[in-house]
Amino acid sequence: MKKRLIVLGVLVLVLVAAIGCTSNKSDDGGEKEVNVSVSEIAEKIQSDVEWPSMMDLDEQGLKDFYGIDASDLEEYDVKIPMMIVKSNEIAVIKVKDAEKVEEVKENIEKRAESIKGTFETYLPDQYENAKNYLLRVEGKYIIFAVHEDITKVEEAFNSFFK
């Protein structure tokens, strides 16, 4: 009986230790920084949710469409629709310096307004879609998405920051 209690006690300690090791908290109680590639995040989002035909933005496209200088970013994955009959768009961005997050976010908000303006009198269903965009910051990561099922997009993004 005594051996069983000892084994049970050890198992409980191992379980508690394992749970403690999976926390996103750092030793000082703050959030640990997640280090995942934006392409991994974007791939998950695109596999979890159906998207129309999209094309990647290069550095010049990022500057033209978003007003963001690629030199401020550690990495990015930005896709816009190939044809302007859909408002769907996705941008997963990781800034180099946390101080640039707010500036990048402001530029993305301007992009969101531009998308809404494009569809306001053109395609009403796409205008409604563009009004319900996702813009969220998690540390140095920023997600911007326009999609019919924005909840699934957000869930896929959030899965990297639990």
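Preceding this paragraph is the structure being described.
Residues numbered from 1 in each chain as written. Predicted model: local features only at pLDDT ≥ 70, side-chain atom pairs only at ≥ 80, totals over all residues. Heavy atoms only, no water.

## A few points about the pairing of strand β3 (residues 89-95)
Most of β3 sits inside the fold, with seven of its seven residues counted as buried. On β3, burial covers both faces: E89, A91, I93 and V95 on one face and I90, V92 and K94 on the other are all buried. In terms of strand pairing, strand β2 (residues 73-81) meets β3 through six bridges, oriented antiparallel. Each bridged residue has a counterpart across the sheet, and for V78 the counterpart in β3 is A91. (Buried < 20%, exposed > 50% of the residue type's maximum accessible area, 1.4 Å probe, protein only. Helix = DSSP H or I, 4+ residues; strand = E, 2+ residues; numbered from the N terminus. Pairing = 2+ DSSP bridges.)

## Here's the deal with helix α4 (residues 101-119)
Look at α4: 27 Å from first C-alpha to last across 19 residues, which is about the 27 Å you get at 1.5 Å a residue. Along α4, the positions that sit buried rather than exposed are V101, V104, N107, I108, R111, A112, I115, K116 and F119. In this structure, the buried side of α4 is in contact with α3 (59-66), β2, β3, α5 (124-131), β4 (134-138) and β5 (141-146). (Expected span 1.5 Å × (residues − 1). Contact = heavy atoms within 4.5 Å.)

## Examining the packing of α4 against α5
At a minimum axis separation of 8 Å, α4 and α5 run at an interaxial angle of 165 degrees. Between α4 and α5, the crossing angle belongs to the class labelled roughly antiparallel. In terms of crossing hand, the pair formed by α4 and α5 is left-handed. Across the interface between the two elements, I115, K116 and F119 from α4 touch P124, Q126, Y127, A130 and K131 from α5. A per-class count over the contact of α4 with α5 returns five nonpolar, one polar and two charged. (Axes fitted to C-alpha atoms, helices over the stretch in contact; angles between N-to-C directions. Parallel < 35°, antiparallel > 145°, perpendicular 65-115°, else oblique. Left-handed = near helix turned anticlockwise from the far one by under 90°. Nonpolar A, V, L, I, M, F, W, Y, C, P; charged D, E, K, R; others polar.)

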